[in-house]
Amino acid sequence: MKRFYIGIAIALLLTIIAVLFFPGVDDFVEQTFQRYLGRAAR
């Protein structure tokens, strides 16, 4: 279970770094989350 949380933390950090340093990634991340949350809401 500890590995799971460490993996989530690493993925979150990589996402934040990508959004900060690479233009256009924020739109991709937003679309991905919208799709995922849209499915979860149904």
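The rules behind each value
Residues numbered from 1 in each chain as written. Predicted model: local features only at pLDDT ≥ 70, side-chain atom pairs only at ≥ 80, totals over all residues. Heavy atoms only, no water. Helix = DSSP H or I, 4+ residues; strand = E, 2+ residues; numbered from the N terminus. Areas by Shrake-Rupley, 256 points an atom, 1.4 Å probe, with all protein chains shown as cover. 1 Å grid on protein atoms, 1.4 Å probe; cavity = no way out; pocket = protein on both sides within 12 Å on 5 of 7 lines; lining within 4 Å. Points joined across faces, edges and corners; volume = space filled by probe spheres on them. Nonpolar A, V, L, I, M, F, W, Y, C, P; charged D, E, K, R; others polar. Phe/Tyr/Trp six-rings, centres within 6.5 Å; stacked < 30°, edge-to-face > 60°. Buried < 20%, exposed > 50% of the residue type's maximum accessible area, 1.4 Å probe, protein only. Patch = residues over 30% accessible without salt bridge, like charges linked within 9 Å, V, L, I, M, F, W, Y side chains within 5 Å. Salt bridge = Lys/Arg side-chain N within 4 Å of Asp/Glu carboxyl O.

1. Examining the overall build of the protein chain
Of the regular secondary structure elements, the protein chain holds two helices and zero strands. For the C-alpha atoms alone, the extent of the protein chain along its principal axes is close to 35 × 30 × 5 Å. For the protein chain, the accessible surface area stands at approximately 4,200 Å², while carbon and sulfur atoms represent 69% of it.

2. Notes on the layout of surface pockets
Taken as a whole, the largest pocket encloses approximately 200 Å³ of empty space. Those elements giving two or more residues to the lining of the largest pocket turn out to be α1 (2–21) and α2 (25–41). Taken together, the residues that form the lining of the largest pocket break down as seven nonpolar, two polar and no charged.

3. Quick look at the packing of aromatic side chains
The final tally for this structure, using the stated rule, is one aromatic pair. Between phenylalanine 4 and tyrosine 5, the aromatic rings sit 5.5 Å apart at their centres with planes inclined by 70°, giving edge-to-face as the arrangement. Tyrosine 5 gets classed as exposed once you look at its relative accessible area, which sits at 51%.

4. Focus on a nonpolar patch on the surface
Together, Leu12, Leu13, Ile16, Ile17, Leu20, Phe21 and Phe22 make up a nonpolar patch on the protein surface, roughly 780 Å² of accessible area in all. Residue placement: leucine 13 occurs in helix α1.

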